[in-house]
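Per-entry structural report
One-letter residues, chain by chain:
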Amino acid sequence: MPVAMELSRIIISEINNEQVIYLKEIDGARTFPILIGLYEASSIDRHVKRQETPRPLTHDLLVSAVEQLGGQFQDVIISELKDHIYYAVLRVRHEGELIEIDARPSDAIAVAVTCDPQLPIFVNEDVLHDVNGG
């Protein structure tokens, strides 16, 4: 069963290649850290702070393309942990059909915060269980 989460922290380091974002359980105390790249962390941070850019960046482009083609973003689900790699899906409704698009969690979360309103973010219970040690 997916657990509703919200973005709680973004840690951007100029001296490390890996940045960290933390999701927090909306109706609980569990957290979910994800190591991500600088570009994705910067994109997420920019949208959270509502900073505009003169031209669309990659996540803006993806959201615009899907919406102009008639799709509606529904939510993000971080679905599994396999061989120390997290997997996520962006769920889009198009012409009554629910389409799941494979995505890196960092890109999926960047798309979630790019959408207006922001998309709900979920993490499957078994993934949260593995991360939080039971």
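It should be emphasised that the depicted structure is a prediction, and the values quoted were computed from it without experimental measurement.

For the rest of this paragraph, the subject is the pairing of strand β4 (residues 72-82). Inspection of the sheet shows β4 paired to strand β5 (residues 85-94) by nine bridges, in the antiparallel sense. From the neighbouring strand, lysine 82 faces β5, where its bridge partner is isoleucine 85. Where β4 hands over to β5, the hairpin turn is made up of two residues, of which aspartate 83 adopts a positive phi near 55 degrees.

Another point: the packing of aromatic side chains. Evaluation of the coordinates by the stated rule reveals one aromatic pair. Here the aromatic rings of phenylalanine 32 and tyrosine 86 are separated by 5.0 Å at their centres, their planes lie at 65 degrees, and the arrangement is edge-to-face. On the criterion of sequence distance, the pair formed by phenylalanine 32 in strand β3 (residues 31-37) and tyrosine 86 in strand β5 is long-range, its members being 54 residues apart. Here the guanidinium or amino end of lysine 82 rests over the ring plane of tyrosine 87, the centre of that ring lying 5.1 Å away.

Attention now moves to helix α3 (residues 105-114). For α3, the tally of buried residues reaches nine of ten residues, placing the bulk of the element in the interior. For α3, the full list of buried residues reads Pro105, Ser106, Ala108, Ile109, Ala110, Val111, Ala112, Val113 and Thr114.

This part is about unusual backbone geometry. For residues that are not glycine, phi is negative in most cases, and the peptide bond is trans in most cases. With omega at 5 degrees, the peptide bond leading from aspartate 116 into proline 117 counts as cis. Examined against the element boundaries, proline 117 turns out to sit in the loop between α3 and β7 (121-124). Its identity as a non-glycine residue notwithstanding, aspartate 83 has a phi of 55 degrees, on the positive side. Along the polypeptide, aspartate 83 turns up in the loop between β4 and β5. Here aspartate 83 falls in the exposed class, since its relative accessible area comes to 67%. For glutamate 95, which is not glycine, the phi dihedral falls at a positive 50 degrees.

The subject of this paragraph is the pattern of salt bridges. Scanning all chains against the criterion turns up eight salt bridges. The residue aspartate 60 makes a salt bridge to arginine 46 at a minimum N-O spacing of 3.1 Å. Of this pair, aspartate 60 sits in helix α2 (residues 58-68) while arginine 46 sits in helix α1 (residues 38-48), and the two are 14 residues apart along the sequence. A residue is classified by how much of its surface remains accessible, and arginine 46, at 9% relative accessible area, is buried.

Quick look at the packing of α1 against α3 now. The geometry of α1 relative to α3 is characterised by a closest axis approach of 9 Å and an angle of 15 degrees between their N-to-C directions. One element, α1, and the other, α3, form an angle in the roughly parallel class. In this structure, α1 crosses over α3, and the sense of that crossing is left-handed. Facing Glu40, Ser43, Ile44 and His47 of α1, the residues of α3 in contact are Ser106, Asp107, Ile109, Ala110, Val113 and Thr114. Of the residues assigned to the contact of α1 with α3, the class counts are four nonpolar, four polar and two charged.

Reading the values: rules and limits
- Residues numbered from 1 in each chain as written.
- Predicted model: local features only at pLDDT ≥ 70, side-chain atom pairs only at ≥ 80, totals over all residues.
- Heavy atoms only, no water.
- Pairing = 2+ DSSP bridges.
- Helix = DSSP H or I, 4+ residues; strand = E, 2+ residues; numbered from the N terminus.
- Phe/Tyr/Trp six-rings, centres within 6.5 Å; stacked < 30°, edge-to-face > 60°.
- Lys NZ or Arg CZ within 6 Å of the ring centre and 35° of its normal.
- Buried < 20%, exposed > 50% of the residue type's maximum accessible area, 1.4 Å probe, protein only.
- Salt bridge = Lys/Arg side-chain N within 4 Å of Asp/Glu carboxyl O.
- Axes fitted to C-alpha atoms, helices over the stretch in contact; angles between N-to-C directions.
- Parallel < 35°, antiparallel > 145°, perpendicular 65-115°, else oblique.
- Left-handed = near helix turned anticlockwise from the far one by under 90°.
- Contact = heavy atoms within 4.5 Å.
- Nonpolar A, V, L, I, M, F, W, Y, C, P; charged D, E, K, R; others polar.

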